[in-house]
Every structure is written in C-alpha cells, then in structure tokens.
Amino acid sequence: MNSQDLQNLQLIQIALERIRNVERPLSVSSVSPFINNSTILSSCGVLCLNPTQESINQEGNTQREKAMDVNMLQRTYSDLLTSLFREGILNQQFTELQQLQDENNPGFVYEVVSLFFEDAGRLINELISNFNQQAVDYKKIDAYVHQLKGSSASIGAEKIRSVCQTFREYYDKNDIQGCYNCIQPLNQEFVTFKSKLEALFTLEQQIVAAGGSIPMMRH
C-alpha cells in the first residue's frame, strides 16, 4: 500500500468516526451540565418528561379530579338539604341535631333518624290497624299520635309533626272523621320524609368516603 492509499484509508476512518458520533444519542452530560435528570432532549429537540415526572403529574391530576368530585357531592348535598327546609319537611331542630355530631360520634344523626324510621313506621302501622277495627280505641290511637308527634319534633321532621298536631286538634274536638282523614296524609309524609333523608345520608357517606366534610345548613 503506497502513501496515497494510506492517506485515503485514514480519511475514510475519520469520516466513519464522524458518522458514528452523529448517530450516537446525546447523553444528558454531553448536552449541557445545566440539564438535570428531570428532562432529556429528544431527537426532535423537544424536552420530554421522564417517567417520575409523569407519575407526579398523573397523581396531581387524580387529586384534582377527586377534589372536583367532592365539591360536586357537597353541592348536591347542600341543594337537597336546602330544598328540605324550603319545602317544610325539616325545621331548625334538624340543624341542632347535626351540631351534636362530632368526630367522636360521626354517625350520630344517622343513628337517631334511623331509630325514628323504625319507631314511626311501627306507630303508623298501629294507627292504621286500629282504625280498621270495628271497635276503635281512640285513646290508644291518641297515645300513638302523641308519641309520634314528640319523636318527629325531636329530629325536626316538621311536616310529620304538623299532621300529628292537626290529628290531636280533631281528637280534642271529638271529630272522629277528622282524625281518620289525617291517617293517609300522615303515612304519605312519613314515606316522603324517609325517602328524602335516606338520599341525604347516602350523599353524606359518599362525601366522607371521598375525604370531604359534611356541609352544614346555615339559617
């Protein structure tokens, strides 16, 4: 091999080395000492986040979505509670009942109202059963209504309390037909109250499960 051939071979080797350098991916350290591990430079010149940063962003998005879900549940809860007061189904006594609930007894209102559901349902069934008998014991019926009036007042079930009050006014006047006419509205108000409060408690459970707090009704 003469000197010219040797020179040509050296030029080819230099050219191949340059090609290899162009094709070799740029490392972080070779790009700039000011670029840290959080980013790398892609072949198109766009800064790309590494998997760790992407995980952080995804976690942040998840937290924002959860916060939005909680806010939506809280608004739905507040709207339902407001409507119950506006329609006269609940009164201020229910708010006072809520204020007795705390971190040490988070299910206080639910437990009290659940007991009312059981007790009121039993009393109303007793009323209907007694009115269907040939010999109606009106003193016993009045005792049932008196008990139902007291329990409904204690939890703020305003419409149920109001019907019980009307029943007793008819009873005091010896208006048997008036008493009888109160039974159906009383049962209907109880069914409505139970349905609405169960929906409210379901929302409460969903809010707590999502890490939120229960909104209070302010008057």
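No experiment lies behind these values; they were computed from the predicted model shown.

Draft legend 1. Just the overall build of the protein, in detail. Within the protein, the regular secondary structure consists of eight helices and two strands. Burial status across the protein gives 27% buried among its 219 residues. Approximately 14,500 Å² of the protein is accessible, and the part contributed by carbon and sulfur atoms is 52%.

Draft legend 2. Spatial organisation of helix α7 (residues 158–172). The terminal C-alpha atoms of α7 lie 21 Å apart, and with 15 residues this matches the ideal 21 Å at 1.5 Å per residue to within 8%. Where α7 is concerned, the buried positions are I160, V163, C164 and F167. Along α7, the residues classed as buried sweep out an arc of 100° about the axis, all on the same side. Elements that come into contact with the buried residues of α7 comprise α5 (108–131), α6 (138–155) and α8 (176–209). N174 sits one or two residues past α7 and shows a positive phi near 60°.

Draft legend 3. Quick peek at the UniProt feature "modified residue: Phosphohistidine" (unreviewed entry) in the protein. Those residues carrying the UniProt feature "modified residue: Phosphohistidine" (unreviewed entry) are H146 in this numbering. On the secondary structure map, H146 appears in helix α6.

Draft legend 4. View of the packing of α5 against α6. At their nearest, the axes of α5 and α6 sit 10 Å apart, and the two run at 160° to each other. Our classification of the angle between α5 and α6 gives roughly antiparallel. Handedness of the α5/α6 crossing: left-handed. Taking contact as the criterion, the partners of V112, F116, D119, A120, R122, L123, I124, E126, L127, N130 and F131 in α5 are, on α6, Y138, K140, I141, Y144, V145, Q147, L148, S151, S152 and I155. Tallied by class, the residues present in the contact of α5 with α6 amount to 13 nonpolar, four polar and four charged.

Scoring rules and cut-offs
Residues numbered from 1 in each chain as written. Predicted model: local features only at pLDDT ≥ 70, side-chain atom pairs only at ≥ 80, totals over all residues. Heavy atoms only, no water. Helix = DSSP H or I, 4+ residues; strand = E, 2+ residues; numbered from the N terminus. Buried < 20%, exposed > 50% of the residue type's maximum accessible area, 1.4 Å probe, protein only. Areas by Shrake-Rupley, 256 points an atom, 1.4 Å probe, with all protein chains shown as cover. Expected span 1.5 Å × (residues − 1). Arc of directions from axis to C-beta. Contact = heavy atoms within 4.5 Å. UniProt positions renumbered as here; feature names shortened; annotations may be inferred. Axes fitted to C-alpha atoms, helices over the stretch in contact; angles between N-to-C directions. Parallel < 35°, antiparallel > 145°, perpendicular 65-115°, else oblique. Left-handed = near helix turned anticlockwise from the far one by under 90°. Nonpolar A, V, L, I, M, F, W, Y, C, P; charged D, E, K, R; others polar.

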